[in-house]
Amino acid sequence: MTSKRPPADPDSTIVGVATGTPDGGVAIVRLSGPEARSLVEPLIGTLPAPRLLARRRVLDSSDGSPDDALVVWMPGPRSFTGEDVVELHVHAGARNVGRIVAALQERGARAAGPGEFTRRAFEHGRLSLEQAEGIAALIAARTSAAIDQARRLVAGELGREVEALRSAVGDLRAEIEANLDFPEDVTDGDVSRWREELLRHEATARAWLGSFAAGQRARERARVVIAGPPNAGKSALFNALLGRSRAIVSPTPGTTRDYVEAELELDGLEVVLVDTAGLRQATSDSIEHEGIGRSREQIAGAELVVWLEPADTATADAPPSSGLRVESKRDLGRRRPDWLGVSAQTGEGLAALRSEIAGLVRGDETAPWIGLARHRDRASDAAAAMASASSLLATAAPLELVAFELGVAERQLAEITGRDALGPIGEDVLARIFSQFCIGK
Ligand SMILES: Nc1nc2c(c(=O)[nH]1)N(C=O)[C@@H](CNc1ccc(C(=O)N[C@@H](CCC(=O)O)C(=O)O)cc1)CN2
Ligand SMILES: Nc1nc2c(ncn2[C@@H]2O[C@H](COP(=O)(O)OP(=O)(O)OP(=O)(O)O)[C@@H](O)[C@H]2O)c(=O)[nH]1
Ligand SMILES: [Mg+2]
(Lines give C-alpha, C1' and ligand atoms only; values in the text may rest on other atoms or scores of the structure.)
(Ligands and ions follow the chains in the order given, each with its own letter.)
Protein backbone atom coordinates (compact mmCIF):
# COMPACT_ATOMS: atom_id res chain seq x y z
CA MET A 1 0.00 0.00 0.00
CA THR A 2 2.54 2.57 1.07
CA SER A 3 4.92 4.20 -1.32
CA LYS A 4 8.61 3.94 -0.60
CA ARG A 5 9.18 7.50 -1.69
CA PRO A 6 9.39 9.98 1.20
CA PRO A 7 7.20 13.06 0.95
CA ALA A 8 8.97 15.82 -0.95
CA ASP A 9 8.47 18.42 1.77
CA PRO A 10 7.17 16.64 4.85
CA ASP A 11 7.35 19.48 7.37
CA SER A 12 5.48 22.13 5.43
CA THR A 13 1.78 22.82 5.75
CA ILE A 14 0.21 23.82 2.50
CA VAL A 15 -2.84 25.98 1.89
CA GLY A 16 -4.94 25.95 -1.26
CA VAL A 17 -8.41 26.94 -2.38
CA ALA A 18 -10.87 24.51 -3.90
CA THR A 19 -13.61 26.53 -5.52
CA GLY A 20 -17.18 25.36 -5.52
CA THR A 21 -19.41 26.33 -8.39
CA PRO A 22 -17.55 28.33 -11.06
CA ASP A 23 -19.43 31.50 -10.25
CA GLY A 24 -18.70 31.39 -6.57
CA GLY A 25 -21.02 30.48 -3.78
CA VAL A 26 -18.83 28.63 -1.35
CA ALA A 27 -15.08 28.12 -1.55
CA ILE A 28 -13.05 25.63 0.46
CA VAL A 29 -9.74 26.76 1.93
CA ARG A 30 -7.78 23.55 2.55
CA LEU A 31 -4.74 23.08 4.76
CA SER A 32 -2.68 19.92 4.89
CA GLY A 33 0.40 19.24 6.97
CA PRO A 34 1.62 19.02 10.57
CA GLU A 35 0.82 22.66 11.38
CA ALA A 36 -2.72 22.62 9.99
CA ARG A 37 -4.29 22.74 13.45
CA SER A 38 -1.98 25.31 15.01
CA LEU A 39 -2.16 27.60 11.99
CA VAL A 40 -5.93 27.71 11.88
CA GLU A 41 -6.91 27.80 15.56
CA PRO A 42 -5.83 31.44 16.08
CA LEU A 43 -8.28 32.38 13.30
CA ILE A 44 -11.31 30.30 14.31
CA GLY A 45 -10.88 29.24 17.93
CA THR A 46 -10.87 25.57 18.80
CA LEU A 47 -11.43 23.04 16.05
CA PRO A 48 -14.59 20.94 16.04
CA ALA A 49 -14.48 17.20 16.77
CA PRO A 50 -12.86 15.21 13.93
CA ARG A 51 -14.87 14.82 10.71
CA LEU A 52 -17.87 16.78 11.92
CA LEU A 53 -18.87 19.98 10.20
CA ALA A 54 -19.25 22.92 12.62
CA ARG A 55 -19.81 26.61 12.22
CA ARG A 56 -17.05 29.04 13.20
CA ARG A 57 -16.21 32.69 12.72
CA VAL A 58 -12.99 33.18 10.78
CA LEU A 59 -11.05 36.21 11.92
CA ASP A 60 -8.45 36.93 9.30
CA SER A 61 -6.91 40.18 10.56
CA SER A 62 -6.91 42.07 13.83
CA ASP A 63 -8.89 45.04 12.49
CA GLY A 64 -11.29 43.35 10.00
CA SER A 65 -14.61 41.60 10.51
CA PRO A 66 -14.79 37.81 10.57
CA ASP A 67 -16.26 35.63 7.82
CA ASP A 68 -18.89 33.03 8.66
CA ALA A 69 -17.62 29.54 7.86
CA LEU A 70 -18.21 25.84 8.21
CA VAL A 71 -15.12 23.99 9.37
CA VAL A 72 -13.97 20.36 9.20
CA TRP A 73 -10.99 18.90 11.04
CA MET A 74 -9.60 15.63 9.68
CA PRO A 75 -6.55 14.55 11.66
CA GLY A 76 -4.10 12.34 9.78
CA PRO A 77 -3.77 9.65 8.76
CA ARG A 78 -7.56 9.40 8.23
CA SER A 79 -7.72 12.23 5.73
CA PHE A 80 -7.53 12.67 1.97
CA THR A 81 -3.79 13.44 2.03
CA GLY A 82 -3.01 11.20 5.01
CA GLU A 83 -1.82 14.31 6.85
CA ASP A 84 -3.64 16.59 9.30
CA VAL A 85 -6.23 18.42 7.20
CA VAL A 86 -8.45 21.40 8.00
CA GLU A 87 -11.08 22.69 5.61
CA LEU A 88 -12.72 26.09 5.92
CA HIS A 89 -15.90 26.34 3.86
CA VAL A 90 -16.12 30.10 3.42
CA HIS A 91 -17.99 32.57 1.26
CA ALA A 92 -16.49 32.52 -2.22
CA GLY A 93 -15.09 35.52 -4.01
CA ALA A 94 -11.43 36.09 -4.79
CA ARG A 95 -11.03 39.01 -2.36
CA ASN A 96 -12.80 37.37 0.57
CA VAL A 97 -10.97 34.08 0.17
CA GLY A 98 -7.71 35.89 -0.53
CA ARG A 99 -7.81 37.60 2.87
CA ILE A 100 -8.24 34.30 4.69
CA VAL A 101 -5.48 32.61 2.70
CA ALA A 102 -3.18 35.59 3.29
CA ALA A 103 -3.74 35.37 7.05
CA LEU A 104 -2.76 31.69 6.98
CA GLN A 105 0.30 32.43 4.86
CA GLU A 106 1.38 35.17 7.27
CA ARG A 107 1.36 32.51 9.98
CA GLY A 108 3.57 30.22 7.92
CA ALA A 109 1.39 28.15 5.57
CA ARG A 110 2.89 27.76 2.12
CA ALA A 111 0.76 28.18 -1.00
CA ALA A 112 0.10 24.74 -2.50
CA GLY A 113 1.34 24.03 -6.02
CA PRO A 114 -0.91 22.48 -8.68
CA GLY A 115 -2.07 19.02 -7.61
CA GLU A 116 -0.02 19.12 -4.42
CA PHE A 117 -2.79 17.80 -2.16
CA THR A 118 -3.31 14.87 -4.50
CA ARG A 119 0.43 14.32 -4.77
CA ARG A 120 0.67 14.13 -0.99
CA ALA A 121 -2.17 11.61 -1.00
CA PHE A 122 -0.11 9.51 -3.45
CA GLU A 123 3.07 9.90 -1.43
CA HIS A 124 1.33 8.72 1.70
CA GLY A 125 -0.06 5.68 -0.08
CA ARG A 126 -3.68 6.91 0.05
CA LEU A 127 -4.02 6.83 -3.74
CA SER A 128 -2.14 5.08 -6.48
CA LEU A 129 -0.84 6.94 -9.48
CA GLU A 130 -3.53 5.91 -11.92
CA GLN A 131 -6.20 6.87 -9.37
CA ALA A 132 -4.66 10.35 -9.13
CA GLU A 133 -4.71 10.54 -12.92
CA GLY A 134 -8.34 9.46 -12.76
CA ILE A 135 -9.13 12.45 -10.52
CA ALA A 136 -7.51 14.79 -13.07
CA ALA A 137 -9.44 13.09 -15.87
CA LEU A 138 -12.67 13.38 -13.87
CA ILE A 139 -12.19 17.11 -13.40
CA ALA A 140 -11.40 17.54 -17.09
CA ALA A 141 -14.22 15.24 -18.26
CA ARG A 142 -16.61 16.88 -20.69
CA THR A 143 -18.79 13.95 -21.57
CA SER A 144 -20.87 11.61 -19.53
CA ALA A 145 -18.92 8.62 -20.84
CA ALA A 146 -15.63 10.28 -19.87
CA ILE A 147 -16.95 10.80 -16.34
CA ASP A 148 -17.75 7.10 -15.98
CA GLN A 149 -14.36 6.15 -17.34
CA ALA A 150 -12.58 8.50 -14.93
CA ARG A 151 -14.62 7.38 -11.93
CA ARG A 152 -13.69 3.78 -12.64
CA LEU A 153 -10.03 4.76 -12.66
CA VAL A 154 -10.48 6.62 -9.35
CA ALA A 155 -12.24 3.59 -7.90
CA GLY A 156 -9.12 1.53 -8.65
CA GLU A 157 -10.61 -0.82 -11.26
CA LEU A 158 -7.66 -0.54 -13.63
CA GLY A 159 -5.21 -0.65 -10.73
CA ARG A 160 -6.61 -3.95 -9.50
CA GLU A 161 -6.38 -5.56 -12.93
CA VAL A 162 -2.86 -4.28 -13.47
CA GLU A 163 -1.75 -5.50 -10.03
CA ALA A 164 -3.24 -8.94 -10.71
CA LEU A 165 -1.35 -9.24 -14.00
CA ARG A 166 1.86 -7.95 -12.47
CA SER A 167 1.74 -10.48 -9.69
CA ALA A 168 0.96 -13.31 -12.13
CA VAL A 169 3.97 -12.32 -14.25
CA GLY A 170 6.05 -12.12 -11.06
CA ASP A 171 5.00 -15.66 -10.07
CA LEU A 172 5.98 -16.96 -13.47
CA ARG A 173 9.37 -15.21 -13.25
CA ALA A 174 9.95 -16.72 -9.80
CA GLU A 175 9.17 -20.18 -11.13
CA ILE A 176 11.55 -19.75 -14.06
CA GLU A 177 14.27 -18.35 -11.80
CA ALA A 178 13.98 -21.39 -9.54
CA ASN A 179 15.25 -23.41 -12.51
CA LEU A 180 18.23 -21.21 -13.31
CA ASP A 181 20.77 -23.41 -11.54
CA PHE A 182 19.49 -26.66 -13.05
CA PRO A 183 18.40 -25.81 -16.62
CA GLU A 184 18.89 -29.48 -17.60
CA ASP A 185 15.90 -30.39 -15.39
CA VAL A 186 13.55 -28.18 -17.43
CA THR A 187 11.24 -30.36 -19.51
CA ASP A 188 9.51 -29.55 -22.80
CA GLY A 189 6.28 -29.68 -20.82
CA ASP A 190 7.53 -26.90 -18.49
CA VAL A 191 8.48 -24.72 -21.45
CA SER A 192 5.18 -25.14 -23.25
CA ARG A 193 3.23 -24.47 -20.06
CA TRP A 194 5.25 -21.27 -19.48
CA ARG A 195 4.67 -20.19 -23.06
CA GLU A 196 0.94 -20.75 -22.80
CA GLU A 197 0.79 -18.76 -19.60
CA LEU A 198 2.80 -15.95 -21.14
CA LEU A 199 0.57 -15.79 -24.20
CA ARG A 200 -2.43 -15.43 -21.91
CA HIS A 201 -0.79 -12.62 -19.94
CA GLU A 202 0.27 -10.83 -23.09
CA ALA A 203 -3.29 -11.09 -24.44
CA THR A 204 -4.58 -9.49 -21.22
CA ALA A 205 -2.30 -6.48 -21.70
CA ARG A 206 -3.20 -6.25 -25.39
CA ALA A 207 -6.90 -6.30 -24.56
CA TRP A 208 -6.37 -3.17 -22.45
CA LEU A 209 -4.70 -1.54 -25.45
CA GLY A 210 -7.75 -2.39 -27.53
CA SER A 211 -9.98 -0.34 -25.28
CA PHE A 212 -7.65 2.67 -25.46
CA ALA A 213 -9.31 4.03 -28.59
CA ALA A 214 -12.73 3.72 -26.98
CA GLY A 215 -11.47 5.63 -23.95
CA GLN A 216 -10.09 8.33 -26.19
CA ARG A 217 -13.44 8.67 -27.92
CA ALA A 218 -15.17 8.93 -24.57
CA ARG A 219 -13.04 11.93 -23.64
CA GLU A 220 -13.52 13.89 -26.83
CA ARG A 221 -16.73 15.17 -28.27
CA ALA A 222 -17.29 13.54 -31.62
CA ARG A 223 -18.18 15.80 -34.55
CA VAL A 224 -21.38 14.74 -36.26
CA VAL A 225 -21.75 16.58 -39.56
CA ILE A 226 -25.06 16.97 -41.38
CA ALA A 227 -24.38 17.20 -45.12
CA GLY A 228 -26.26 16.85 -48.38
CA PRO A 229 -27.66 18.83 -51.30
CA PRO A 230 -29.09 22.34 -50.87
CA ASN A 231 -32.63 22.53 -49.53
CA ALA A 232 -32.51 18.98 -48.20
CA GLY A 233 -33.68 20.28 -44.83
CA LYS A 234 -30.29 20.04 -43.11
CA SER A 235 -30.73 23.21 -41.10
CA ALA A 236 -34.29 22.25 -40.18
CA LEU A 237 -33.04 18.85 -38.95
CA PHE A 238 -30.16 20.50 -37.08
CA ASN A 239 -32.65 22.76 -35.27
CA ALA A 240 -35.02 19.87 -34.60
CA LEU A 241 -32.26 17.77 -33.01
CA LEU A 242 -31.12 20.71 -30.91
CA GLY A 243 -34.62 21.65 -29.91
CA ARG A 244 -34.09 25.31 -30.74
CA SER A 245 -33.93 27.47 -33.81
CA ARG A 246 -30.18 27.94 -34.09
CA ALA A 247 -29.68 27.87 -37.89
CA ILE A 248 -31.59 29.78 -40.56
CA VAL A 249 -34.12 27.69 -42.49
CA SER A 250 -35.58 28.95 -45.76
CA PRO A 251 -36.98 27.61 -49.05
CA THR A 252 -34.11 29.26 -50.94
CA PRO A 253 -31.42 26.70 -51.84
CA GLY A 254 -28.02 27.87 -50.62
CA THR A 255 -29.31 29.49 -47.43
CA THR A 256 -26.59 28.12 -45.15
CA ARG A 257 -23.27 29.62 -46.18
CA ASP A 258 -20.85 28.93 -43.33
CA TYR A 259 -21.09 25.88 -41.13
CA VAL A 260 -22.88 26.18 -37.78
CA GLU A 261 -22.02 24.02 -34.79
CA ALA A 262 -23.66 23.32 -31.45
CA GLU A 263 -23.16 20.94 -28.56
CA LEU A 264 -25.75 18.27 -28.03
CA GLU A 265 -26.24 15.30 -25.72
CA LEU A 266 -27.55 12.12 -27.36
CA ASP A 267 -28.29 9.20 -25.04
CA GLY A 268 -25.64 10.36 -22.55
CA LEU A 269 -23.09 11.00 -25.26
CA GLU A 270 -22.05 14.57 -25.92
CA VAL A 271 -21.39 15.42 -29.55
CA VAL A 272 -20.78 18.52 -31.59
CA LEU A 273 -23.48 18.68 -34.23
CA VAL A 274 -22.52 20.60 -37.38
CA ASP A 275 -24.86 22.03 -40.02
CA THR A 276 -23.20 22.71 -43.37
CA ALA A 277 -23.85 24.53 -46.63
CA GLY A 278 -25.61 22.32 -49.19
CA LEU A 279 -23.29 20.67 -51.69
CA ARG A 280 -23.79 21.37 -55.38
CA GLN A 281 -21.43 21.48 -58.33
CA ALA A 282 -22.38 24.59 -60.26
CA THR A 283 -22.63 27.84 -58.41
CA SER A 284 -21.61 31.27 -59.62
CA ASP A 285 -21.88 32.65 -56.10
CA SER A 286 -18.34 32.93 -54.70
CA ILE A 287 -19.55 33.05 -51.09
CA GLU A 288 -21.53 29.86 -51.59
CA HIS A 289 -18.53 28.32 -53.32
CA GLU A 290 -16.39 29.11 -50.25
CA GLY A 291 -19.12 27.69 -48.01
CA ILE A 292 -19.16 24.42 -49.98
CA GLY A 293 -15.37 24.17 -49.53
CA ARG A 294 -15.93 24.46 -45.78
CA SER A 295 -18.63 21.78 -45.92
CA ARG A 296 -16.12 19.40 -47.51
CA GLU A 297 -13.58 20.16 -44.78
CA GLN A 298 -16.20 19.45 -42.11
CA ILE A 299 -17.12 16.18 -43.80
CA ALA A 300 -13.44 15.17 -43.93
CA GLY A 301 -12.98 15.90 -40.21
CA ALA A 302 -16.21 14.27 -39.08
CA GLU A 303 -16.52 11.27 -36.82
CA LEU A 304 -19.86 10.63 -38.46
CA VAL A 305 -21.54 12.17 -41.51
CA VAL A 306 -25.32 12.26 -41.56
CA TRP A 307 -26.09 12.43 -45.28
CA LEU A 308 -29.48 13.96 -45.92
CA GLU A 309 -31.60 13.87 -49.07
CA PRO A 310 -35.25 14.95 -49.24
CA ALA A 311 -38.12 12.60 -50.02
CA ASP A 312 -39.49 14.96 -52.67
CA THR A 313 -36.46 14.86 -55.02
CA ALA A 314 -34.32 12.22 -56.70
CA THR A 315 -30.75 11.63 -55.58
CA ALA A 316 -28.69 14.65 -56.56
CA ASP A 317 -25.09 14.05 -55.61
CA ALA A 318 -23.39 10.71 -54.95
CA PRO A 319 -23.80 10.07 -51.22
CA PRO A 320 -20.52 9.44 -49.36
CA SER A 321 -19.54 5.80 -49.07
CA SER A 322 -19.49 5.91 -45.28
CA GLY A 323 -21.90 7.64 -42.99
CA LEU A 324 -25.53 7.44 -42.14
CA ARG A 325 -28.00 7.94 -45.00
CA VAL A 326 -31.16 9.70 -43.98
CA GLU A 327 -34.17 10.74 -46.02
CA SER A 328 -35.71 14.04 -44.89
CA LYS A 329 -39.18 15.51 -45.35
CA ARG A 330 -40.79 12.09 -44.91
CA ASP A 331 -44.08 13.93 -44.37
CA LEU A 332 -43.95 14.60 -48.14
CA GLY A 333 -43.36 11.02 -49.24
CA ARG A 334 -40.93 8.12 -49.20
CA ARG A 335 -38.52 7.69 -52.08
CA ARG A 336 -35.67 5.70 -50.45
CA PRO A 337 -37.44 3.06 -48.38
CA ASP A 338 -34.23 1.46 -47.09
CA TRP A 339 -32.91 4.76 -45.64
CA LEU A 340 -33.71 6.02 -42.17
CA GLY A 341 -36.52 8.56 -42.58
CA VAL A 342 -37.16 11.75 -40.65
CA SER A 343 -39.34 14.79 -40.78
CA ALA A 344 -38.22 17.97 -39.08
CA GLN A 345 -41.78 19.19 -39.55
CA THR A 346 -43.61 16.38 -37.72
CA GLY A 347 -40.75 15.01 -35.60
CA GLU A 348 -41.12 11.57 -37.20
CA GLY A 349 -37.96 9.44 -36.94
CA LEU A 350 -36.02 11.89 -34.77
CA ALA A 351 -35.78 9.57 -31.76
CA ALA A 352 -34.56 6.73 -33.98
CA LEU A 353 -32.00 9.03 -35.58
CA ARG A 354 -30.71 10.16 -32.17
CA SER A 355 -30.11 6.63 -30.98
CA GLU A 356 -28.65 5.57 -34.33
CA ILE A 357 -26.11 8.43 -34.17
CA ALA A 358 -25.25 7.70 -30.53
CA GLY A 359 -24.78 4.01 -31.30
CA LEU A 360 -22.49 4.64 -34.27
CA VAL A 361 -20.37 7.21 -32.43
CA ARG A 362 -20.11 5.20 -29.26
CA GLY A 363 -19.07 2.05 -31.10
CA ASP A 364 -19.35 -1.35 -29.49
CA GLU A 365 -16.47 -1.12 -27.01
CA THR A 366 -17.19 -1.78 -23.36
CA ALA A 367 -14.78 -1.15 -20.44
CA PRO A 368 -13.10 1.95 -21.85
CA TRP A 369 -11.08 2.79 -18.75
CA ILE A 370 -7.61 2.67 -20.20
CA GLY A 371 -7.81 5.87 -22.16
CA LEU A 372 -4.69 7.64 -20.92
CA ALA A 373 -1.57 7.69 -23.09
CA ARG A 374 0.73 6.88 -20.17
CA HIS A 375 -1.24 3.71 -19.36
CA ARG A 376 -1.29 2.69 -23.00
CA ASP A 377 2.48 3.18 -23.34
CA ARG A 378 3.29 1.17 -20.20
CA ALA A 379 0.86 -1.63 -21.11
CA SER A 380 2.26 -1.72 -24.62
CA ASP A 381 5.86 -1.95 -23.35
CA ALA A 382 4.83 -4.69 -20.93
CA ALA A 383 3.17 -6.64 -23.76
CA ALA A 384 6.28 -6.24 -25.91
CA ALA A 385 8.52 -7.54 -23.10
CA MET A 386 6.24 -10.55 -22.67
CA ALA A 387 6.36 -11.17 -26.42
CA SER A 388 10.20 -11.19 -26.30
CA ALA A 389 10.13 -13.56 -23.34
CA SER A 390 7.87 -15.87 -25.35
CA SER A 391 10.15 -15.95 -28.36
CA LEU A 392 13.21 -16.46 -26.15
CA LEU A 393 11.47 -19.49 -24.64
CA ALA A 394 10.60 -20.74 -28.11
CA THR A 395 14.23 -20.59 -29.25
CA ALA A 396 15.56 -22.27 -26.10
CA ALA A 397 17.50 -19.15 -25.13
CA PRO A 398 19.05 -19.01 -21.62
CA LEU A 399 16.39 -18.75 -18.93
CA GLU A 400 18.18 -15.69 -17.45
CA LEU A 401 17.14 -13.74 -20.53
CA VAL A 402 13.54 -14.89 -20.23
CA ALA A 403 13.45 -13.89 -16.55
CA PHE A 404 14.98 -10.53 -17.40
CA GLU A 405 12.22 -9.75 -19.93
CA LEU A 406 9.56 -10.75 -17.43
CA GLY A 407 11.15 -8.36 -14.93
CA VAL A 408 10.88 -5.59 -17.54
CA ALA A 409 7.18 -6.38 -18.01
CA GLU A 410 6.58 -6.29 -14.24
CA ARG A 411 8.31 -2.94 -13.92
CA GLN A 412 6.25 -1.45 -16.77
CA LEU A 413 3.01 -2.65 -15.17
CA ALA A 414 4.06 -1.39 -11.74
CA GLU A 415 4.61 2.08 -13.18
CA ILE A 416 0.92 2.32 -14.04
CA THR A 417 -0.10 2.27 -10.39
CA GLY A 418 3.17 3.67 -9.04
CA ARG A 419 3.04 1.12 -6.24
CA ASP A 420 5.87 -1.33 -5.48
CA ALA A 421 7.47 -0.15 -8.67
CA LEU A 422 10.81 -1.90 -7.99
CA GLY A 423 12.38 1.53 -7.77
CA PRO A 424 11.13 5.10 -7.52
CA ILE A 425 8.88 6.60 -10.15
CA GLY A 426 10.79 9.33 -11.98
CA GLU A 427 10.24 12.90 -10.79
CA ASP A 428 9.53 13.87 -14.41
CA VAL A 429 6.61 11.42 -14.53
CA LEU A 430 5.19 12.68 -11.23
CA ALA A 431 5.65 16.33 -12.17
CA ARG A 432 3.83 15.79 -15.45
CA ILE A 433 0.91 14.04 -13.77
CA PHE A 434 0.37 16.44 -10.88
CA SER A 435 0.91 19.64 -12.86
CA GLN A 436 -2.34 18.92 -14.75
CA PHE A 437 -4.29 19.76 -11.62
CA CYS A 438 -5.26 23.21 -10.54
CA ILE A 439 -4.08 24.69 -7.26
CA GLY A 440 -6.16 23.44 -4.37
CA LYS A 441 -6.54 19.91 -5.73
N1 LIG B 1 -14.80 18.91 1.20
C2 LIG B 1 -14.21 18.01 0.43
N3 LIG B 1 -14.91 17.38 -0.51
C4 LIG B 1 -14.28 16.45 -1.31
C5 LIG B 1 -12.91 16.15 -1.14
C6 LIG B 1 -12.21 16.84 -0.12
O7 LIG B 1 -10.99 16.64 0.08
N8 LIG B 1 -12.89 17.75 0.63
N9 LIG B 1 -12.33 15.20 -1.96
C10 LIG B 1 -10.98 15.21 -2.28
O11 LIG B 1 -10.55 14.99 -3.37
C12 LIG B 1 -13.18 14.24 -2.67
C13 LIG B 1 -13.58 13.15 -1.73
N14 LIG B 1 -12.49 12.26 -1.49
C15 LIG B 1 -11.99 11.97 -0.25
C16 LIG B 1 -11.25 10.84 -0.09
C17 LIG B 1 -10.80 10.47 1.16
C18 LIG B 1 -11.06 11.27 2.24
C19 LIG B 1 -10.66 10.85 3.60
O20 LIG B 1 -10.74 11.63 4.54
N21 LIG B 1 -10.23 9.61 3.79
C22 LIG B 1 -9.85 9.05 5.07
C23 LIG B 1 -11.02 8.89 5.97
C24 LIG B 1 -12.04 7.90 5.48
C25 LIG B 1 -13.35 7.91 6.26
O26 LIG B 1 -13.46 8.47 7.34
O27 LIG B 1 -14.25 7.28 5.69
C28 LIG B 1 -9.11 7.75 4.84
O29 LIG B 1 -9.08 7.29 3.71
O30 LIG B 1 -8.53 7.27 5.79
C31 LIG B 1 -11.76 12.44 2.08
C32 LIG B 1 -12.24 12.79 0.84
C33 LIG B 1 -14.34 14.97 -3.23
N34 LIG B 1 -15.00 15.81 -2.25
N1 LIG C 1 -42.36 19.45 -45.49
C2 LIG C 1 -41.16 19.57 -44.92
N3 LIG C 1 -40.40 20.62 -45.23
C4 LIG C 1 -39.19 20.73 -44.66
C5 LIG C 1 -38.71 19.78 -43.76
N6 LIG C 1 -37.46 20.15 -43.36
C7 LIG C 1 -37.19 21.29 -44.02
N8 LIG C 1 -38.23 21.66 -44.81
C9 LIG C 1 -38.30 22.85 -45.65
O10 LIG C 1 -37.33 22.75 -46.66
C11 LIG C 1 -36.75 24.00 -46.94
C12 LIG C 1 -35.26 23.96 -46.80
O13 LIG C 1 -34.91 23.69 -45.46
P14 LIG C 1 -33.47 23.99 -44.87
O15 LIG C 1 -33.40 23.32 -43.55
O16 LIG C 1 -33.18 25.43 -44.91
O17 LIG C 1 -32.59 23.22 -45.93
P18 LIG C 1 -30.99 23.10 -45.98
O19 LIG C 1 -30.66 21.70 -46.34
O20 LIG C 1 -30.40 23.61 -44.72
O21 LIG C 1 -30.64 24.02 -47.20
P22 LIG C 1 -29.28 24.85 -47.51
O23 LIG C 1 -28.87 25.53 -46.27
O24 LIG C 1 -29.69 25.77 -48.55
O25 LIG C 1 -28.30 23.85 -48.00
C26 LIG C 1 -37.39 24.97 -45.98
O27 LIG C 1 -38.44 25.64 -46.65
C28 LIG C 1 -37.95 24.10 -44.89
O29 LIG C 1 -39.08 24.65 -44.27
C30 LIG C 1 -39.56 18.69 -43.44
O31 LIG C 1 -39.23 17.80 -42.64
N32 LIG C 1 -40.77 18.63 -44.07
MG1 LIG D 1 -29.19 25.14 -44.34
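Residues numbered from 1 in each chain as written. Chains lettered and ligands numbered in written order. Predicted model: local features only at pLDDT ≥ 70, side-chain atom pairs only at ≥ 80, totals over all residues.

### Observations regarding the overall build of the protein chain
Then step 1. The number of helices and strands found in the protein chain is 14 helices and 12 strands.
Then step 2. The buried share of the protein chain, reckoned over its 441 residues, is 41%.
Then step 3. Of all intrachain contacts in the protein chain linking residues separated by at least 6 positions in sequence, the fraction that spans at least 24 positions is 62%. (Helix = DSSP H or I, 4+ residues; strand = E, 2+ residues; numbered from the N terminus. Buried ≥ 20, exposed ≤ 12 C-beta atoms within 10 Å, placed from the backbone. Contact = placed C-beta atoms within 7 Å.)

### Overview of the UniProt feature "binding site: GTP" (unreviewed entry) in the protein chain
Then step 1. With numbering matched to this structure, UniProt assigns "binding site: GTP" (unreviewed entry) to Ser250, Pro251, Thr252, Pro253, Gly254, Thr255, Thr256, Asp275, Thr276, Ala277 and Gly278.
Then step 2. As for its position among the elements, Thr252 is in the loop between α9 (234-242) and β8 (260-266).
Then step 3. Of note, Thr256 is situated in the loop between α9 and β8.
Then step 4. Its 23 C-beta neighbours within 10 Å are what place Thr256 among the buried residues.
Then step 5. Setting aside chain neighbours within four positions, we find Thr256 in contact with Lys234, Ser235, Ala247, Ile248, Asp275, Thr276, Ala277 and Gly278. (UniProt positions renumbered as here; feature names shortened; annotations may be inferred.)

### What to know about the sheet that holds β8
Within a beta sheet, neighbouring strands are joined by backbone hydrogen bonds and run either parallel or antiparallel to one another.
Then step 1. With mixed pairing, six strands are arranged side by side in an open sheet as β8-β9-β7-β10-β11-β12. Unpaired on one side and paired on the other, β8 and β12 (340-341) mark the two borders of the sheet.
Then step 2. Pairing of strand β11 (residues 324-328) with β12 involves two bridges; the strand directions are parallel. Looking across to β12, one finds that Val326 is bridged to Leu340.
Then step 3. Those strands touched by helix α10 (residues 286-300) are β7 (222-227), β9 (269-275) and β10 (304-310), and its axis lies near 140° from that of β7. (Pairing = 2+ DSSP bridges. Axes fitted to C-alpha atoms, helices over the stretch in contact; angles between N-to-C directions.)

### A closer look at the site of ligand 2
Then step 1. Every one of the 23 residues lining ligand 2 counts as a neighbour, but Gly233, Ser235, Ala236, Thr256 and Gly278 are closest to it.
Then step 2. It is α9 that provides the largest number of residues to the shell around ligand 2, a total of three residues.
Then step 3. The residue inventory of the shell around ligand 2, partitioned by class, reads nine nonpolar, 11 polar and three charged. (Near = placed C-beta within 6 Å. Nonpolar A, V, L, I, M, F, W, Y, C, P; charged D, E, K, R; others polar.)

### Observations concerning the nonpolar core
Generally speaking, a soluble globular protein has its nonpolar side chains buried in company with each other.
Then step 1. Core analysis: the largest hydrophobic core is formed by 103 residues, its most contacted members being Val29, Leu31, Val86, Ile100, Val224, Leu237 and Val306.
Then step 2. In terms of residue count, helix α13 (residues 399-417) provides more of this core than any other element does, eight residues in total. (Core = buried A, V, L, I, M, F, W, Y, C linked by C-beta atoms within 7 Å.)

### A look at the site of ligand 1
Then step 1. Around ligand 1, a shell composed of Ile28, Met74, Arg78, Ser79, Phe80, Glu87 and Arg126 is seen.
Then step 2. Residues that form the shell around ligand 1 fall into these classes: three nonpolar, one polar and three charged.

### Some words on the environment of Pro337
Then step 1. The residue Pro337 is located in the loop between β11 and β12 in this model.
Then step 2. Pro337 sits 10 residues away from Glu327 along the chain, and the two C-alpha atoms are 8.7 Å apart.

### Focus: the environment of Arg223
Then step 1. Tracing the chain through its elements places Arg223 in strand β7.
Then step 2. Overall, Arg223 belongs to the partly exposed group, with 18 C-beta atoms counted inside 10 Å.
Then step 3. With 82 residues separating them along the chain, Arg223 and Val305 place their C-alpha atoms 8.5 Å apart.
Then step 4. Apart from the residues lying within four places of it in its own chain, the contact partners of Arg223 are Val272, Val274, Gly301, Ala302 and Glu303.

### Concerning the pairing of β8
Then step 1. Of the strand pairs in this sheet, β8 and β9 are connected by seven bridges, and their pairing is antiparallel. In the strand pairing of β9, Ala262 is matched with Leu273.
Then step 2. Hairpin remark: β8 followed by β9, antiparallel, with two residues in the connecting loop; positive phi at Asp267, about 50°.

### Considerations on the packing of helix α12 (residues 373-394) against α13
The description of two helices packed together rests on the angle between their axes and the distance between the axes.
Then step 1. At a minimum axis separation of 8 Å, α12 and α13 run at an interaxial angle of 165°. Judged on the interaxial angle alone, α13 and α12 are roughly antiparallel. Seen along the crossing, α12 lies across α13 with a hand that is left-handed. Only Leu401, Val402, Glu405, Leu406, Val408, Ala409, Gln412, Leu413, Glu415 and Ile416 of α13 make contact with α12, whose side of the interface consists of His375, Arg378, Asp381, Ala382, Ala385, Met386, Ser388, Ala389, Leu392 and Leu393.
Then step 2. Across the contact of α12 with α13, the residue classes tally to 13 nonpolar, three polar and four charged. (Parallel < 35°, antiparallel > 145°, perpendicular 65-115°, else oblique. Left-handed = near helix turned anticlockwise from the far one by under 90°.)

### Section: the pairing of strand β5 (residues 85-91)
Then step 1. A large share of β5 lies buried, amounting to five of its seven residues.
Then step 2. Here five bridges tie strand β4 (residues 67-74) to β5, and the two strands are oriented antiparallel to one another. Looking at β5, one finds that Leu70 is bridged to His89.

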